[in-house]
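# Working through the structure, step by step
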Amino acid sequence: MLRPYPPAPLAEDGDEGAHAFGILASGSTSDLRHPGWRGSDMVPETFIKQTLRAWERYTQTGALDEAVIRPEVAASWRRCASLRIDPHAPKAAVQLSLPQLAELKANNRQLLDTALPFMEFLCNAARGTDFILVITDARGVVLELFGDDEILRMAEGNNYVPGSSRAEEMVGTNAICLALSERKPVQLTGAEHWNARHHQWTCCSAPIFGPKNELLGTVTLSGETLNAHRHTLGMVISAAEAIHDRLVEREATQRRSRLDAVMSTILNTLAEGFITIDGAGIVTSVNPTAAKLLAIRPEQATGKSVLRLFPGNPELIGVLAPGKDTAPIEVANDSARGPFVVTPYVMQVEGSPQGAFLALRARKEFLKDVREISGFDAATHFEDIVGTSAALQRQIDLARIAARQNSRILITGETGTGKELFAQSIHNGSPRSGGPFVALNCAAIPRELLESELFGYKGGAFTGARKSGQVGKIELADGGTLFLDEINQMPLDLQAKLLRVLQDGTVLRLGDAKPIRVDVRFLAATNEDLHEKSRNGAFRQDLYFRLSVVEITLPPLRDRVEDIPLLAEHIIERLSERLDKGRLKLAPASLQLLGRYGWQGNVRELENVLEMAAIVCE
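Residues numbered from 1 in each chain as written. Predicted model: local features only at pLDDT ≥ 70, side-chain atom pairs only at ≥ 80, totals over all residues. Heavy atoms only, no water.

### Things to note about the overall build of the protein
This is how the line gets drawn: Put simply, DSSP H or I for four residues or longer makes a helix, DSSP E for two residues or longer makes a strand, and each gets a number counted from the N terminus. Categorising residues by exposure relies on relative accessible area from a 1.4 Å probe, with only protein chains included: less than 20% of the type maximum marks a residue as buried, more than 50% marks it as exposed, and the intermediate range marks it as partly exposed. A 1.4 Å probe and the Shrake-Rupley method give the accessible areas. Residues count as covered only by the protein chains that appear here.
Helix and strand counts for the protein stand at 23 helices and 19 strands. Counting over 618 residues, the protein shows a buried share of 47%. Looking at the protein as shown, the accessible area adds up to about 30200 Å², and 52% of this sits on carbon and sulfur atoms.

### Overview of the sheet that holds strand E19 (residues 550-553)
Applied cut-off: DSSP calls a pair of strands paired once it identifies at least 2 bridges connecting them. With axes taken as lines fitted to C-alpha atoms, and helix axes fitted only over the stretch in contact, angles between N-to-C directions fall between 0 and 180 degrees.
If you walk across this open sheet you meet the 5 strands as E12-E15-E18-E11-E19, and the pairing is parallel. Strands at the two margins of the open sheet, each flanked by one partner only, are strand E12 (437-441) and E19. When strand polarity is set aside, the average angle formed by the axes of neighbouring strands in this sheet is 20°. Two elements, strand E11 (residues 409-412) and strand E18 (residues 521-526), share 4 bridges in a ladder whose sense is parallel.

### Quick look at the packing of aromatic side chains
Test applied: Only Phe, Tyr and Trp rings are paired, with Trp represented by its six-membered ring, and only when their centres lie within 6.5 Å; those with planes under 30 degrees apart are stacked, over 60 edge-to-face, the remainder tilted. In this scheme, Lys NZ or Arg CZ marks a charge over a ring once it lies within 6 Å of the ring centre and within 35 degrees of the ring normal.
Inspection of the entire model under this criterion finds 7 aromatic pairs. Aromatic pair Tyr58 and Trp194: ring centres 6.1 Å apart, planes at 70°, arrangement edge-to-face. Placement of the pair is Tyr58 in helix H1 (residues 45-61) and Trp194 in the loop between strand E3 (186-189) and strand E4 (201-209), with a sequence separation of 136 residues. Each ring, one from Phe437 and one from Phe483, has its centre 6.3 Å from the other, and the planes form 20°; the classification is stacked. Of the two residues, Phe437 sits in strand E12 while Phe483 sits in strand E15 (residues 481-485), which places them 46 residues apart along the sequence. The exposure class of Phe437 is buried, given its relative accessible area of 2%. Note that Arg166 overlies the ring of Tyr160, its terminal NZ or CZ placed 4.4 Å from the centroid.

### Details of the confidence of the model for the protein
Note the cut-off: For every residue, the predictor reports its confidence as pLDDT, a number between 0 and 100. Whether two residues are in contact is decided by their heavy atoms, any of which lying within 4.5 Å being enough.
Averaged over every residue, the pLDDT of the protein is 84; the share at 70 or more is 86%. Here residues 1-39 scores under 50 on pLDDT; set against residues more than four positions off or in separate chains, the count is 88 contacts.

### What to know about the environment of Gly355
Structurally, the position occupied by Gly355 is in strand E10 (residues 352-362). Along the primary structure Gly355 and Leu320 are separated by 35 residues, whereas in three dimensions their C-alpha atoms are 6.7 Å apart.

### Some thoughts on the nonpolar core
Let me state the cut-off plainly: Take the buried Ala, Val, Leu, Ile, Met, Phe, Trp, Tyr and Cys residues and link them wherever side-chain atoms come within 4.5 Å; each set so joined is a nonpolar core.
Within the largest apolar cluster, 31 residues are counted, with the highest numbers of intra-cluster contacts made by Ile474, Leu482, Leu484, Ile487 and Phe522. For this core, the secondary structure elements donating two or more residues are E12, helix H16 (447-455), helix H17 (473-476), E15, helix H18 (492-504), E18 and helix H20 (541-547). With near-sequence residues (within four places) excluded, Phe522 lies in contact with Arg408, Ile409, Ile474, Leu482, Leu484, Leu498, Val501 and Leu502. Trp55, Leu64, Ala74 and Ile85 belong to the second largest nonpolar core, which has 30 residues in total.

### Thoughts on the sheet that holds strand E8 (residues 329-331)
The strand order across the open sheet formed by 5 strands is E7-E6-E10-E9-E8, and the pairing between neighbours is antiparallel. This sheet does not close on itself; its edge strands, each paired only once, are strand E7 (283-286) and E8. The sheet shows a mean angle of 30° between the axes of neighbouring strands, taken without regard to direction. Two elements, strand E9 (residues 340-349) and E10, share 10 bridges in a ladder whose sense is antiparallel. By the bridge assignment, Val341 is partnered in E10 with Arg361.

### Looking at the layout of surface pockets
Our working definition: Grid spacing is 1 Å over the protein atoms alone, the probe is 1.4 Å, and a cavity is where that probe fits but cannot get out, while a pocket is an open set with protein on both sides within 12 Å along at least five of seven lines and lining residues have an atom within 4 Å of a point. Grid points are joined across faces, edges and corners, and a volume is the space filled by probe spheres set on the points. Think of it as three bins: nonpolar holds Ala, Val, Leu, Ile, Met, Phe, Trp, Tyr, Cys and Pro, charged holds Asp, Glu, Lys and Arg, and polar takes everything else, Gly as well.
Put simply, the second largest pocket is a space of about 560 Å³. Residue contributions to the lining of the second largest pocket peak at 5 residues, all from helix H15 (residues 419-428). Tallied by class, the residues present in the lining of the second largest pocket amount to 8 nonpolar, 8 polar and 9 charged.

### Description of the side chain of Thr218
Heads up, the rule is: In the analysis that follows, any N or O atom pair within 3.5 Å is treated as a polar contact, provided that within protein one partner can donate a hydrogen and the other can accept it, and provided that, for residues neighboring in sequence, both atoms belong to side chains.
With respect to the helices and strands, the residue Thr218 is situated in strand E5 (residues 215-224). Residue classification places Thr218 among the buried residues on the basis of a relative accessible area of 0%. Only 2.7 Å separates the side chain of Thr218 from the side chain of Thr136, close enough to count as a polar contact. Ignoring sequence-local partners within four residues, the contact set of Thr218 consists of Val134, Ile135, Thr136, Asp137, Ile176, Ala179, Leu180, Ser205, Ala206, Pro207 and Ile208.

### A closer look at the pattern of salt bridges
Should their charged atoms come close, side chains of opposite charge can pair. As a reminder, the rule being used: A pairing counts as a salt bridge when a side-chain nitrogen of Lys or Arg comes within 4 Å of a carboxyl oxygen of Asp or Glu.
For the structure on display, the rule yields 26 salt bridges. Of the charged contacts, one joins Glu192 and Arg70 as a salt bridge, the two residues approaching to 3.2 Å between their closest N and O atoms. Here the residue Glu192 occupies a position in the loop between E3 and E4, and Arg70 occupies one in the loop between H1 and helix H2 (71-82), the gap between them amounting to 122 residues. For Lys533, the salt bridge is made with Glu528, and the minimal N-O distance between the two is 3.1 Å. Classification of Lys533 as buried rests on a relative accessible area of 17%. Salt bridges sharing common partners tie together Lys212, Glu251, Arg255 and Arg258.

### Comments concerning the packing of H1 against H2
Keep this limit in mind: Under this scheme an angle from 65 to 115 degrees is roughly perpendicular, one under 35 degrees roughly parallel, and one over 145 degrees roughly antiparallel; angles in between are oblique. Crossing handedness is read from the near helix: turned anticlockwise from the far helix by less than a right angle, it gives a left-handed crossing, and turned clockwise, a right-handed one.
At a minimum axis distance of 11 Å, the contact between H1 and H2 shows a crossing angle of 30°. Considering the angle they form, H1 stands roughly parallel to H2. Between H1 and H2 lies a crossing of right-handed hand. Along the contact surface, H1 presents Ala54, Trp55 and Tyr58, while H2 presents Trp77, Arg78 and Ala81. Taken together, the residues that form the contact of H1 with H2 break down as 5 nonpolar, no polar and 1 charged.

### Focus: H2
Rule in force here: Helices are assigned an expected span. That span is 1.5 Å times one less than the residue count.
Its 12 residues place the ends of H2 16 Å apart at the C-alpha level, agreeing with the 16 Å of an ideal helix rising 1.5 Å per residue. Within the span of H2, buried status applies to Glu72, Val73, Ala74, Ser76, Trp77 and Cys80. Of the surrounding elements, those touching the buried residues of H2 are H1, helix H6 (168-171), helix H7 (175-182) and E3. With its phi angle positive at about 60°, Arg84 sits one or two positions after the end of H2.

### A short note on unusual backbone geometry
Residues other than glycine predominantly adopt negative phi, and peptide bonds predominantly adopt the trans conformation. Positive phi is not limited to glycine here, since Asn159 has a value of about 55°. If you trace the backbone, Asn159 turns up in the loop between helix H5 (149-157) and H6. When its relative accessible area of 16% is taken as the criterion, Asn159 is described as buried. For Ala295, which is not a glycine, the phi torsion comes out positive at approximately 55°. Looking at the secondary structure, you find Ala295 in the loop between helix H9 (288-294) and helix H10 (298-301). Given a relative accessible area of 60%, Ala295 falls into the exposed group.

### With respect to empty space enclosed by the protein
A probe matching the size of a water molecule, rolled over the atoms, marks out where space remains unfilled. Within this structure, the stated rule accounts for 1 cavity of 30 Å³ or more. Approximately 80 Å³ is the volume found for the largest cavity. Contributing to the lining of the largest cavity are Asn158, Tyr160, Arg166, Asn174, Ala175, Ile176, His193, His198, Trp201 and Cys203. Going through the elements one at a time, H7 and E4 are the ones with two or more residues in the lining of the largest cavity. Split by residue class, the lining of the largest cavity holds 5 nonpolar, 4 polar and 1 charged.

Structure (structure tokens):
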């Protein structure tokens, strides 16, 4: 529909700055204004006579009546005079042949296709009024004419037909060329035209602008001079602006289509699953990877709420709330391949969420990436354990056998005997070697933080908690091994919660109500007699028996003195490289002294002594 344009106020009587049929300086909202129009909507005969006398005087003497002729018209007349354009010239020849016109129309096809519905509307409005409707390109070449037969024949008599040019240098002052040069709507009546053949015409012309404000052409209503009406120009302006608006819409639609095509290509080639939703949480696309993960066809989900895919997860739509934190969200689905982790990427326009990309990953794959970033892996194998003593070899043989099973193992030994080295070797010698190895020292973490580190927590579960929550070490070890060092330091209440995990294979985050099933092998280590602690109530007896299916006891260094030379050589070799000292060696007397020492700190103490010696030696 055409937008109504409010009429501009008429000039007061005696306003010397008001020129006949002037265009308001404000731009698009224009109207005719002249004191002679105050009592009528039709063009006054006095104005026609005044402009004719002004035209005759200028074309004959060069004197311009600027009280009658508008500045833009006056400027055009001066240009016509300087170009020596004959004001009495016969009709101008049609500039384009039929093939040339066809090519020009093809080049302006989008303008013509967009303008056609509005041209038909105006034609219906102007039917029987002896007006014709004209659309031109940006150079003023007529592309199409519409109107009643009689007025079209009158136009043809002036070669005002498709393929003709209304450029100023071709036919002199006219509404079309002025609308193009001034880039604003213009109405010319009678003798305001330069050529006398056009004095019988009144023309209202408005420029048509494209989506980037580029000048595309004009829309014009032309009729006999005495039929000029004050509101004709408003109709033309409305049509021009409606065409502009439709061109903008078409450009936006085409841009969206191109972006949609590019986005579809990108999403369909990504190895990661993606679901897109609009601002209401309705699924707009599901890429092949996501469809495979969810075991559905994309068309089964599109057009439906994302909550149909993931029931009971309103936070997926909650990410569209302004200022909402967009952390990864764990979701459930009926698919046997779930659960999943969704990472939302919200699309915003001027700070307002308009939709989101939901990156979908199987929970195990997501946790695998987290573990890789966090550095959870096992570097030591049984072959890396240094020592040939019978006491050590017996424990290595037992550990190799136990590693091949999925049984829980309790590793006991004094501080510094290499309990974590054994745990890593057991993991690497097990069928779970391809999974994660996660270690947690129960004595190194404050009691109030140990529970959240072990079990994780839901976002906002307690004061100071991250908004996105945290994955616990048990979950990170899913599919692999969790090594609990110094298990003897775990508080009794946490022991009860850990026992529950061992019993049913599920973990419950702090502040959450949904248990998460995990597949974890537990290894534990202690430097105390855990059996004795369980007997006197300092450690849960049921947990002790759950953890110690296989018990490996590492000998202290003082009980395998024969391994000290091998250990010392191995340690010195690493220190030489790390401290850039060249090749270091131990004197025989030093080895004897090392063999006689008690080594309360075991291998760790030996490492410290040798490092100090390597630093201070010359």
